[in-house]
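# Chains, contacts and geometry: an overview
Below are the chains, spelled out letter by letter.
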Amino acid sequence: MTARLLDGKALAADLRAEAAADAAAFLAEAGRAPGLGVILAGDDPASRSYVTAKEKACAEAGIVSREILLPGDAARAQLLDAVAALNAEDAIDGILVQLPLPDPSMEDEVIAAMDPDKDVDGFHPVNAGRLVLGLPAFVPCTPAGIVEMLRRAGVELQGAEVVVVGRSRIVGRPLSILLSQKGADATVTVCHTRTRGLAEHTRRADILVAAAGRPGTITADMVKPGAVVIDVGVNRIPDATRPRGYRLAGDVDFGGAREVASAITPVPGGVGPLTIAMLLKNTVAAARRRRAARP
Ligand code: GUN
């Protein structure tokens, strides 16, 4: 059996069109477009290209984006000042601090400084806590996109055995919470670098999510026949034959796994495009919430 491809690009186009329609409706009601403030520190090429892609997507959806570019050696106070300026600005509904920061030890403090009502990445402790408690929250964009993809592809979640490989704050952990909460009702196992017998876990999965950030983490023999495989990995593999000098590979051995799975996401073109689409949706939602909360 060759697996059905789960086309993230096509789904992202639908989601982006929905966000654009919502942004246009907001503009008509509020007299201004939703606004996203983006903080980028340093010149890491991957972060630069993600931020450029996010800003382009905002423009296409009718969301105004404002970039604050800081040097790679920006002091803590500079980062906190940038967050404070975006918190204070009425026309900014969402704030995105591109991670990783050049000094990752500053990330917790910078994220905590954000207004939780503008935290469209869902990284602030208030939103993480609300998610765990099952309260309305901004949900990190990649996990939110994965749930949207599973639902729209008609994948049964209730009672499904889900194995998530990776426990990052951005993907693995929030996804495990989303899928185990009421309404999704999956049974979720989180595996990580210290998990013993990884393949024994992954072979039980009806839905296998690879979010380890390491190519080759999941090989065909680790996939249960008929499983749905979601590959979150975006690994740059040096490749002199490519114009950019690298190619993208996921965490899954795609060629092998697609012969065992019933459905699988490609890399690129699977989960990646959903992250930006959900960011647009979260930004319009933030604009709406802030307007509704106005006295
Ligand atoms: N770095 C990798 N993924 C993300 C993301 O979803 N949001 C932000 N802000 N930084 C990231």
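See above for the structure.
Residues numbered from 1 in each chain as written. Predicted model: local features only at pLDDT ≥ 70, side-chain atom pairs only at ≥ 80, totals over all residues. Heavy atoms only, no water.

Before going further, it helps to spend a moment on the packing of helix α1 (residues 8-30) against helix α2 (residues 45-61). Axis separation between α1 and α2 bottoms out at 8 Å; the angle between their running directions is 55 degrees. Classified by the angle their axes make, α1 and α2 are oblique. On α2, the residues that touch Arg16, Ala19, Ala20 and Ala23 of α1 are Ala57, Glu60 and Ala61. Among the residues making up the contact of α1 with α2, the classes are represented as five nonpolar, no polar and two charged. (Axes fitted to C-alpha atoms, helices over the stretch in contact; angles between N-to-C directions. Helix = DSSP H or I, 4+ residues; strand = E, 2+ residues; numbered from the N terminus. Parallel < 35°, antiparallel > 145°, perpendicular 65-115°, else oblique. Contact = heavy atoms within 4.5 Å. Nonpolar A, V, L, I, M, F, W, Y, C, P; charged D, E, K, R; others polar.)

Next up on the list: the nonpolar core. If you look at the biggest cluster of nonpolar residues, it comprises 52 residues, and the most contacted ones within it are Leu150, Ile207 and Ile230. Ranked by the residues each element gives to this core, the list is headed by helix α10 (residues 272-292), at eight residues. Those residues within four positions of Ile230 in sequence are excluded, and the remaining contacts are Leu6, Ile146, Met149, Leu150, Leu208, Val209, Ala210, Thr265 and Val271. (Core = buried A, V, L, I, M, F, W, Y, C linked by side-chain atoms within 4.5 Å. Buried < 20%, exposed > 50% of the residue type's maximum accessible area, 1.4 Å probe, protein only.)

The environment of the ligand is formed by Lys54, Leu96, Val97, Gln98, Leu99, Asp121, Phe123 and Thr275. Leu99 places a main-chain nitrogen or oxygen 2.8 Å from a nitrogen atom of the ligand. When isolated, the ligand has an accessible area of 280 Å², and the protein chains bury 83% of it. Taken together, the residues of the shell around the ligand sort by class into four nonpolar, two polar and two charged. (Near = heavy atom within 4 Å. Polar contact = N/O pair within 3.5 Å; in protein donor to acceptor, adjacent residues only side chain to side chain. Areas by Shrake-Rupley, 256 points an atom, 1.4 Å probe, with all protein chains shown as cover.)

With that settled, consider the environment of Gln78. By secondary structure assignment, the location of Gln78 is in helix α3 (residues 76-88). Residue class for Gln78 comes out partly exposed when judged on its relative accessible area of 36%.

Attention now moves to α2. The end-to-end C-alpha separation of α2 is 24 Å, in line with the 24 Å expected for 17 residues at 1.5 Å each. Every buried residue of α2 is listed here: Ala46, Ser47, Val51, Lys54, Glu55, Ala57, Cys58 and Ala61. Buried residues of α2, seen end-on, are gathered within an arc of 165 degrees and therefore sit on one face of the element. Set apart from the buried face of α2 by more than 90 degrees, the exposed residues are Pro45, Lys56, Ala59 and Glu60. Phi for Gly62, located one or two positions after α2, is positive at around 80 degrees. (Expected span 1.5 Å × (residues − 1). Arc of directions from axis to C-beta.)

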